[in-house]
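Next come the chains, spelled out residue by residue.
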Amino acid sequence: MDTAYPWPPDQTFWTGTFPDHTTSRTTPFLFKGIIPASAAGPDDVLAGFEAIRRAHTAGTDIKAHARVYVGEERRDDLLPQALTAPSWNGGMDSFVPWMQDLAGAERFSLVINNLETVSPALAAGLGTFLKTLIDGWGLPLGGAEQVAFAGNYAGTAFGIHEGYEDAFLVHLGPNAKNFYCWPAETYEKLSGGKQPTFGDYRALLEEAEHFLLEPGDALFLPRRVFHVGTQDTFSVSVAMPLYTYPYAQILQSRIIPDVLADLAGDGPDDPLNEPSAMADTTAGPGAVADRLAGVGRELLHFAADRVRGAARQHAERRWATLLSNGGWELVEGDLSRQEAANAFDPEQVTPGAEIRVIAPYQVTTLPDGDSQQVLLRGHQPGVALDDAGMGRDTVTALNRGDTLVLPDNTELLTAVRALGATGGLHLTPRSSDLKDADA
């Protein structure tokens, strides 16, 4: 099927086509055939599930996790079998009966969170889409995630439910899926509230906006839209929620606690760490409350003056971290990062070896005093941006996707060895090193 959209989507798509079709990004719209099969396919999702199974067998703690549903019932009792049973040894044609036998049911669904951390192919392929989204629309301050829905379920296991973030639902096939959406006001009027609807909701489907998702389609789902998917045959979709955390949440969880901790005194000799006085029993707790309020006002007064600097420092780190991780949220237990770091042999970083940045990751920098510290894949390996080692021209070439042949430059070789520990570099040893390794 010929697509009416460029791949990757260009600036005109994000600044013109996208807002025009989605009523300034507020209503659902199905972009037909926008994702090429070369960027993402259902087999990539199954490969990610195999990676989760491999990590489980090895006892590796990872962020990505799978859930099994039969109908609308979450079946955690089936998960150990799904993680340990012999593989289906084939593609989707083998996977479906394998899951049906495991579930003891004709219909099932498998949900995988943080798929981008176990599927390098999908991290790169859908990362191409995400990069253009960031360049053309903006950066979600919490990053993005991949959530896979694989199965032949009659309806999404979560029922008709509300989405809290803007998201894209990318349909990979091989078969089609029906998708239904309701604006919040319409759903509340029809259902009597905001709670999910389970069971028989056929009457509600008649009042919904219907989309037929086929392989390569991407449905834009604005926040606060209620939705559900249904299908008769097996297919795979990947949701990409864009985590735009509220500013107040970022301040409350990250910035203000750091500011207050910095102001709360350093050691027992600091006046703010002076022990509280014995509370006068005749005065009661009111005097204690007054003293606490006074100290609190003093702390908040000084904290207000420091928030701007702390906010800038936090924003710079968050910005550089997310971009270096390709826009995907940074999580502990990123299996593909661990495996890429393990595959990088620093002893083979020699003149004549070749390096390239693993897509979709980027080399970014973060101010640190008088220097600029390099980040890759969300991690800071202790490499400063400088002309002798990792210079700007080198960073630009790596981010352009170039493969670099390493020169006989001690500073650069040292920087590359450190950068390889982030899991963001692919190394091809020079031919003589490969021969030595085979000897």
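Let me begin by describing the structure that accompanies this report.

**Description of the pattern of salt bridges**
Oppositely charged side chains can pair when the atoms bearing their charge come close. Evaluation of the coordinates by the stated rule reveals 15 salt bridges. In this structure, R312 engages E316 in a salt bridge whose closest nitrogen and oxygen atoms are separated by 3.2 Å. Taken together, the residues span about one helical turn, with R312 and E316 both in helix 9 (residues 285-324) at a distance of four residues. Among the residues examined, R312 registers a relative accessible area of 58% and is labelled exposed. Where R377 meets D334, a salt bridge forms, and the shortest distance between an N and an O atom there is 3.9 Å. Taken as a pair, R377 in the loop between strand 15 (371-376) and helix 11 (392-399) and D334 in the loop between helix 9 and helix 10 (335-343) lie far apart in primary sequence, 43 residues in all. The residues R377 and D334 share a single accessibility class, namely buried. Residues participating in the shared-partner salt-bridge network are K32, E214 and D217.

**Things to note about unusual backbone geometry**
Residue P8 is reached from W7 by a cis peptide bond, and omega for that bond is -5°. Of note, the amide linkage connecting A359 to P360 takes the cis form, showing an omega dihedral of 10°. Among the structural elements, P360 can be located in the loop between strand 13 (354-357) and strand 14 (363-368). A positive phi angle, near 50°, is found at T23, a position not held by glycine. Within the secondary structure layout, T23 lies in the loop between helix 1 (11-21) and strand 1 (29-31).

**Observations concerning a negative patch on the surface**
A cluster of like negative charges, contributed by D386, D387, D393 and E411, occupies part of the molecular surface. Mapped onto the fold, E411 is located in helix 12 (residues 410-420). The exposure class of E411 is partly exposed, given its relative accessible area of 46%.

**Considering the packing of aromatic side chains**
Per the stated rule, a full pass over the model turns up 31 aromatic pairs. Note on W7 and F129: the rings are 6.5 Å apart at their centroids and 5° apart in plane angle, and the pair reads as stacked. Remark: F129 occurs in helix 5 (residues 120-136) and W7 occurs in the segment before helix 1; sequence separation between them is 122 residues. Accessibility expressed as a relative area gives 1% for F129, which makes it buried.

**A few points about the pairing of strand 12 (residues 235-241)**
On a regular strand, one side chain projects to one face of the sheet and the next to the other, so that they alternate. Of all seven residues that make up strand 12, seven are buried, and the element is covered over most of its length. Every second residue of strand 12 is oriented toward a common face, with S235, S237, A239 and P241 on one face and V236, V238 and M240 on the other, all of them buried. As paired elements, strand 5 (residues 147-151) and strand 12 share five bridges and run antiparallel to each other. Bridged to G151 within strand 12 is S235. Both strand 7 (residues 167-174) and strand 12 contribute to a ladder of seven bridges, which runs antiparallel. Among the inter-strand pairings, H171 is bridged to a residue of strand 12, identified as S237.

So, how was this worked out
Residues numbered from 1 in each chain as written. Predicted model: local features only at pLDDT ≥ 70, side-chain atom pairs only at ≥ 80, totals over all residues. Heavy atoms only, no water. Salt bridge = Lys/Arg side-chain N within 4 Å of Asp/Glu carboxyl O. Helix = DSSP H or I, 4+ residues; strand = E, 2+ residues; numbered from the N terminus. Buried < 20%, exposed > 50% of the residue type's maximum accessible area, 1.4 Å probe, protein only. Patch = residues over 30% accessible without salt bridge, like charges linked within 9 Å, V, L, I, M, F, W, Y side chains within 5 Å. Areas by Shrake-Rupley, 256 points an atom, 1.4 Å probe, with all protein chains shown as cover. Lys, Arg positive; Asp, Glu negative; His and termini not counted. Charge placed at Lys NZ, Arg CZ, Asp CG, Glu CD. Phe/Tyr/Trp six-rings, centres within 6.5 Å; stacked < 30°, edge-to-face > 60°. Pairing = 2+ DSSP bridges.

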